[in-house]
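Spelled out, the chains give:
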Amino acid sequence: MNTWNRKRLFAAAAAGAFLAGSVAMASPALAEPGDESDVRVTVDIEEIREPGVLAMSVAADSVALTEDGSTLLVRQFVGTLPTVTVTDTRTADEVPEGAAWAVLGSATDFVGSAGQAPIGAGHLGWKPRLIDGGDTGLVSEGEEVVTVLDEATQPGNNVGLVDQELLVSTFDSGAVAGDAYSVNADLFLRTPGDVAAGAYTSTLTLSLFE
């Protein structure tokens, strides 16, 4: 092989080596102007959890007593307390340790609409009745409270609804949390036989305590 051919062969081999090196070291393709690329953004948002509450509701704001069971000496007027519901939406962890709740009731004197002498709240009594106490057995109704005209059925219960008398309660709030409980009561107003005729009104206040 003459000198000129050897030079041509060497040049061709060098060119091939340069091309091979160029392929191995190629740079990644760049986005062209106008190209688009999407990035998906995600987030998990938890629901806001409101703390539970202990609350009381009463099915109606009034009750009318009607005469039933009167005698010559005592006139009696009866009715039913609208259903009282205690709802506890708390979890056991939200209830203070050792907590207990109760609904208490007390009445004002019956005031006559035409200026009659008032009838004292001691003449109004009740007999609580548990409607739904749940499955724990830890919710119970209060004892009967009779009027000042009655013989006491137990010590100190012939006072009428003059003070905070127990309607329903539990001694362990945590054990009964997360449920609702309902109660009503038989109401009875007993007056002397010579009570003045006319319309009378009293306010029975129910209070929930814990």
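Scroll up to find the structure.
Residues numbered from 1 in each chain as written. Predicted model: local features only at pLDDT ≥ 70, side-chain atom pairs only at ≥ 80, totals over all residues. Heavy atoms only, no water.

Student: How should I be thinking about the overall build of the chain in this particular structure?
Tutor: Scanning the chain from N- to C-terminus turns up two helices and eleven strands. Of the regular secondary structure in the chain, the N- to C-terminal order runs α-β-β-β-β-β-β-β-β-α-β-β-β. Scored against the burial criterion, the 210 residues of the chain give a buried share of 28%. Sequence-distant contacts, at least 24 apart, represent 79% of the contacts inside the chain between residues at least 6 apart. (Helix = DSSP H or I, 4+ residues; strand = E, 2+ residues; numbered from the N terminus. Buried < 20%, exposed > 50% of the residue type's maximum accessible area, 1.4 Å probe, protein only. Contact = heavy atoms within 4.5 Å.)

Student: It is not clear to me how the sheet that holds strand E4 (residues 101-107) should be interpreted in this structure. Could you clarify?
Tutor: Hydrogen bonds along the backbone pair up the strands of a sheet, which may run parallel or antiparallel. One open sheet accounts for four strands, arranged E7-E8-E4-E11; its pairing is antiparallel. Of all the strands in the sheet, the pair left with one neighbour each is strand E7 (139-141) and strand E11 (204-209). Taking each pair of neighbouring strands and ignoring which way they run, the sheet shows an average axis angle of 15 degrees. Strand direction decides the pairing type here: E4 and strand E8 (residues 165-170), joined by five bridges, are antiparallel. What sits directly across from Ala102, in E8, is Ser169. (Pairing = 2+ DSSP bridges. Axes fitted to C-alpha atoms, helices over the stretch in contact; angles between N-to-C directions.)

Student: Whenever I open this one, the pairing of E4 confuses me. Can you help?
Tutor: Within a regular beta strand, the side chains point alternately toward one face of the sheet and then the other, so they alternate between its two faces. When you tally the buried positions in E4, you get six out of seven residues, the bulk of the element. By the bridge criterion, six bridges tie E4 to E11 in an arrangement that is antiparallel. Paired with Gly105 across the strands is Leu206, a residue of E11.

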